[in-house]
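# Overview (structure and organization)
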Amino acid sequence: MRYLSLAFVLLGFLYACSQIPEADGHEIYKTYCVSCHGAKGNMGGNGAFDLSASALGLEERVRVIHTGRNTMTSFKALLSPEQIRAVAEYTLELKQNQ
Ligand code: HEC
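Now for a look at the structure at hand.

The rules we used
Residues numbered from 1 in each chain as written. Predicted model: local features only at pLDDT ≥ 70, side-chain atom pairs only at ≥ 80, totals over all residues. Heavy atoms only, no water. Helix = DSSP H or I, 4+ residues; strand = E, 2+ residues; numbered from the N terminus. Buried < 20%, exposed > 50% of the residue type's maximum accessible area, 1.4 Å probe, protein only. Areas by Shrake-Rupley, 256 points an atom, 1.4 Å probe, with all protein chains shown as cover. Phe/Tyr/Trp six-rings, centres within 6.5 Å; stacked < 30°, edge-to-face > 60°. Lys NZ or Arg CZ within 6 Å of the ring centre and 35° of its normal. Contact = heavy atoms within 4.5 Å. Near = heavy atom within 4 Å. Polar contact = N/O pair within 3.5 Å; in protein donor to acceptor, adjacent residues only side chain to side chain. Nonpolar A, V, L, I, M, F, W, Y, C, P; charged D, E, K, R; others polar. Donors = N, O, S within 2.8 Å, 3.2 Å for Na, K, Ca; no water. Tetrahedral: all angles 85-135°; square planar, octahedral: opposite > 155°, others 65-115°. Core = buried A, V, L, I, M, F, W, Y, C linked by side-chain atoms within 4.5 Å.

## Section: the overall build of the protein
A tally of regular secondary structure across the protein gives five helices and zero strands. Starting at the N terminus and walking to the C terminus, you meet the elements of the protein as α-α-α-α-α. Evaluated residue by residue, the protein yields a buried proportion of 27% over its 98 residues. Working note: accessible area of the protein is about 7100 Å², and carbon and sulfur atoms make up 60% of it.

This is the structure in C-alpha cells:
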C-alpha cells in the first residue's frame, strides 16, 4: 500500500511538470518579430536584417535579442531568458528552411 501511494505522488508530480508550458520560439517570433523581420525572416522592415541569410550563431543571436542593436530594440524586458533562447533557436530554423 505504501508503495502504491508513493507511485501516485510521483505520477501527480510528473503530471504537474508536463503542464508547465515550454517557451515556444515560433509563437514568440510571430508575436514580437514578424512586424520587422517577416514570417520567413527576410522581409527587411525598418532595415531589419535578413534572418534567413544571417551568419550569426545562436549565442550572438541571443545577445542581439537580449540587448538590441541599432534600430532593433532590446527584448530583455518583454521576454524571459528562456523565451529569448527559444526564439533565437527558431530564427536558426528560418535559415535551414531556405
Ligand atoms: C522594430 C523592428 C524589429 C523587431 C520588432 C525585431 N527586429 Fe531583429 N533586427 C531589426 C533590425 C533593424 C536589425 C539590424 C540591426 C542593426 O542594424 O545592427 C535586426 C537584427 C536582428 C538580428 C541580427 C541579425 C544579423 O545577422 O546580424 C537578429 C538575430 C534579430 N534581429 C532577431 C530578432 C528577433 C528574434 C526578434 C523578435 C524577438 C526581432 N529581431 C525583432 C529590427 C527588428
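## Let's talk about the packing of aromatic side chains
Two measures describe an aromatic ring pair: the distance that separates the ring centres and the angle between the ring planes. The tally for this structure, following the rule as stated, stands at two aromatic pairs. Directly above the aromatic system of Phe 49 lies the positively charged group of Arg 69, at a separation of 5.0 Å from the ring centroid.

## Notes on the environment of Ala 88
Relative to the helices and strands, Ala 88 is located in helix α5 (residues 81–96). Note: C-alpha distance between Ala 88 and Val 62 (26 residues apart in sequence) is 5.7 Å. Discounting residues that sit within four places of it in the chain, Ala 88 has contacts with Leu 58, Arg 61, Val 62 and Ile 65.

## Concerning the site of the ligand
Around the ligand sit 22 residues in total, of which Cys 33, Cys 36, His 37, Ser 54 and Met 72 are the nearest. The separation between a nitrogen atom of the ligand and a polar side-chain atom of His 37 is 2.7 Å. The separation between an oxygen atom of the ligand and a polar side-chain atom of Arg 69 is 2.7 Å. Mapped onto the shell around the ligand, the elements with two or more residues apiece are α3 (34–37), α4 (58–67) and α5. Considered class by class, the residues forming the shell around the ligand number 12 nonpolar, eight polar and two charged.

## Examining the coordination of the iron atom of the ligand
In the first shell of the iron atom of the ligand, the protein supplies His 37 (NE2) and Met 72 (SD), at 2.0 to 2.1 Å from the metal. Because the angles between the six donor atoms bound to the iron atom of the ligand fall within 83 to 179 degrees, the donor set is best described as octahedral. Within this pair, whereas His 37 is found in helix α3, its partner Met 72 is found in the loop between α4 and α5, the two being separated by 35 residues in sequence.

## Brief notes about the nonpolar core
Of all hydrophobic cores here, the largest spans 14 residues; its most connected members are Ile 28, Tyr 29, Ile 65, Leu 79, Ile 84, Val 87 and Leu 94. Secondary structure elements with two or more residues in this core: α2 (25–32), α4 and α5. No other element matches the six residues that α5 contributes to this core. Beyond its immediate chain neighbours, meaning those up to four positions away, Leu 79 contacts Ile 28, Tyr 32 and Ile 84.

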